[in-house]
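Structure assessment
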Amino acid sequence: WLRGPVVPVTTVVQADFVQRVVASGRVESDHRMSLGAQITGTVLQVAVSEGQVVPAGGLLVALDPAELRANLAQAELAVQQAAARLRQLREVQAPVAEQAAAQAQANHAAARQALARSRDLLAQGFIGQAALDEATRAEQVAAAQVRSSQQQLAAARPAGSDTALAEATLAQARAGADVARARLRLASITAPVAGQVIRRQVEPGDVVQPGKVLMVLSPQAQGGETRLLVQIDEKNLHLLSDGQTAIASADAYAGQQFAATVAAIDPAVDPQRGAVEVKLSVARPPAYLRQDMTVSVDIEVARRPAAVLVPVDVLRDADGSAPWVMALVDGHARRRPVKLGLRGNGQAEVLDGLRAGDLVLPASGAAVAAVADGDRVRAQARSGQ
């Protein structure tokens, strides 16, 4: 009774200390592509299966092209028809318009001469006014025919309206043929980039429409790297930085570990979960790693050589402004303030207040509940000490 109660104690040790942040997440690709048809059609062939790696431009799904080929043939015939109309205008209508204009000018010249003679004959009294009026009418008709033939000739020339209309019709037909060819190409759904098919939602015979997702493709990451996406508690945000190393393992292969590196830290914190999203790159992913696989990540955030360490369960007011421990000094319990550094894995670094070899009492337990500063106590080493 004079020597005091028996209490468990822990010896302060000095050792290399590594602080780690542990989190869980999943395997993620840089992004995913949802691929579908841009036209309505019947699936003729599905060329890939889930898990298959496809090259850029590789065929994924083929739609029945029969109707599209017929539309293309019709559009190409429209191009031929428009081209023939333009050729006919240049080779036939333009020369005919030139001849018609020349003939109209000759007729007009003859009508002017006849009108002049009629005026002379009227002045000499050989014909009457009616004959002159008839000659005048004939000259006016010939002049109108000259103007009409010149307009037709102008329209048929390369800069004319008929030519412009024929050229526009040909251009429109060619555009229609281009559209038909483009729609025919849409019957073959190909991979825009190299990647892995992670979901297939179509079978031969299905009728597909625009907007329906047929394949989900996971593109190959730049440089062949795989990404891990983990959620870190925001209280550990100040410990994280780009380039930190980590050890990761997939839950399905817990005994096999692989290296990773912190690649990006999300600038925003999720207010719902109180966590920040962190991406880690895996330069050499193991073969068993799959998309969306659950992983555990152990990130090394700090390292201290020869640090003075104590278990966190001996700390009192550890999160307060003045943490302290109950130390065993010469058979008495003594309150001793400490300055803390790194924490992790159930241990804390003591920067000031303790030395290696000191004995400290646990912060809780029936044996130490009534122990106060200055009380006599007897030491009993804790299990594992």
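Coordinates for the structure precede this section.
Residues numbered from 1 in each chain as written. Predicted model: local features only at pLDDT ≥ 70, side-chain atom pairs only at ≥ 80, totals over all residues. Heavy atoms only, no water.

1. Quick notes on the overall build of the protein
What counts is decided by this rule: Strands are runs of DSSP state E lasting at least two residues, helices are runs of H or I lasting at least four, and both sets are numbered from the N terminus onward. In this treatment the radius of gyration is a C-alpha quantity, and the globule benchmark scales as 2.2 Å times the residue count to the 0.38 power. We call a residue buried when its accessible area falls under 20% of the maximum for its residue type, exposed when it is over 50%, and partly exposed in between, using a 1.4 Å probe and counting protein chains only.
Along the backbone of the protein there are 3 helices and 21 strands. Since a compact globule built from 385 residues should have a radius of gyration of about 21 Å, the 47 Å found for the protein marks it as more spread out than a globular shape. By principal-axis analysis of the C-alpha atoms, the protein measures approximately 170 × 50 × 30 Å. Out of the 385 residues belonging to the protein, those deemed buried represent 36%.

2. Section: the sheet that holds strand β3 (residues 33-36)
Our working definition: For two strands to count as paired, DSSP must find a minimum of two bridges between them.
Here we have 4 strands laid out as an open sheet, ordered β3-β10-β8-β5, and antiparallel in their pairing. Looking at strand neighbours, the two that pair on one side only are β3 and β5 (53-54), the edges of this open sheet. As defined by bridge partners, strand β8 (residues 195-200) adjoins strand β10 (residues 213-219) across 5 bridges and the pair is classed as antiparallel. Within β10, the position partnered with R199 by the bridge is V216.

3. Examining the packing of aromatic side chains
As a reminder of what qualifies: Any two of the Phe, Tyr and Trp rings considered here, Trp counted by its six-membered ring, make a pair once their centres fall within 6.5 Å; the pair's planes then place it as stacked at under 30 degrees, edge-to-face at over 60, or tilted in between. Over a ring means this: the NZ of a Lys or the CZ of an Arg is within 6 Å of the ring centre and within 35 degrees of the ring normal.
As enumerated under the stated definition, the model contains 1 aromatic pair in all. The ring of W324 carries R335 above its face, with NZ or CZ at 3.9 Å from the centroid.

4. Topic: the sheet that holds strand β9 (residues 207-208)
Spatial strand order, β7-β6-β4-β9: 4 strands in an open sheet with antiparallel pairing. Since the sheet does not close on itself, it has two edges, and those belong to β7 (188-190) and β9, each with one partner. By the bridge criterion, 3 bridges tie strand β4 (residues 41-46) to strand β6 (residues 59-63) in an arrangement that is antiparallel. In the strand pairing of β6, V46 is matched with V61.

5. Some remarks on the packing of helix α1 (residues 66-124) against helix α2 (residues 129-156)
We count it as follows: To define axes, lines are fitted to C-alpha atoms, for helices over the stretch in contact only, and angles between the resulting N-to-C directions are given on a 0 to 180 degree scale. Throughout this description, any angle smaller than 35 degrees is read as roughly parallel, any larger than 145 degrees as roughly antiparallel, any in the 65 to 115 degree range as roughly perpendicular, and the remainder as oblique. Crossings are sorted by hand: turned counterclockwise from the far helix by less than a right angle, the near helix makes the crossing left-handed, and turned clockwise it makes it right-handed. Nonpolar residues are Ala, Val, Leu, Ile, Met, Phe, Trp, Tyr, Cys and Pro. Charged residues are Asp, Glu, Lys and Arg, and all others, Gly as well, are polar.
The contact between α1 and α2 brings their axes to 8 Å, and the two run at 160 degrees. With respect to their mutual orientation, α1 and α2 come out roughly antiparallel. For the crossing formed where α1 meets α2, the hand is left-handed. Residues that form the contact of α1 with α2 fall into these classes: 18 nonpolar, 11 polar and 4 charged.

6. Observations concerning the side chain of H108
Quick note on the threshold: We call two residues contacting when some pair of their heavy atoms lies within 4.5 Å.
Checked against the element boundaries, H108 lands in helix α1. Each residue touching H108, except ones within four places of it in the same chain, is listed here: E139, A142, A143 and V146.

7. Looking at the nonpolar core
For clarity, the cut-off: Within this scheme, the nonpolar core is defined by two criteria: the residues are buried Ala, Val, Leu, Ile, Met, Phe, Trp, Tyr or Cys, and they are joined through side-chain atoms within 4.5 Å.
Among the nonpolar cores identified, the biggest contains 25 residues, and L228, I232, V278, L280, V297 and I299 are the most heavily contacted of them. Elements supplying a minimum of two residues to this core: β2 (13-28), β11 (226-233), β12 (245-250), β13 (257-270), β14 (275-282) and β15 (294-311). Discounting chain neighbours no more than four positions away, the residues touching L228 are R26, V27, A248, F258, A260, V278, K279, L280, V282, V295 and V297.

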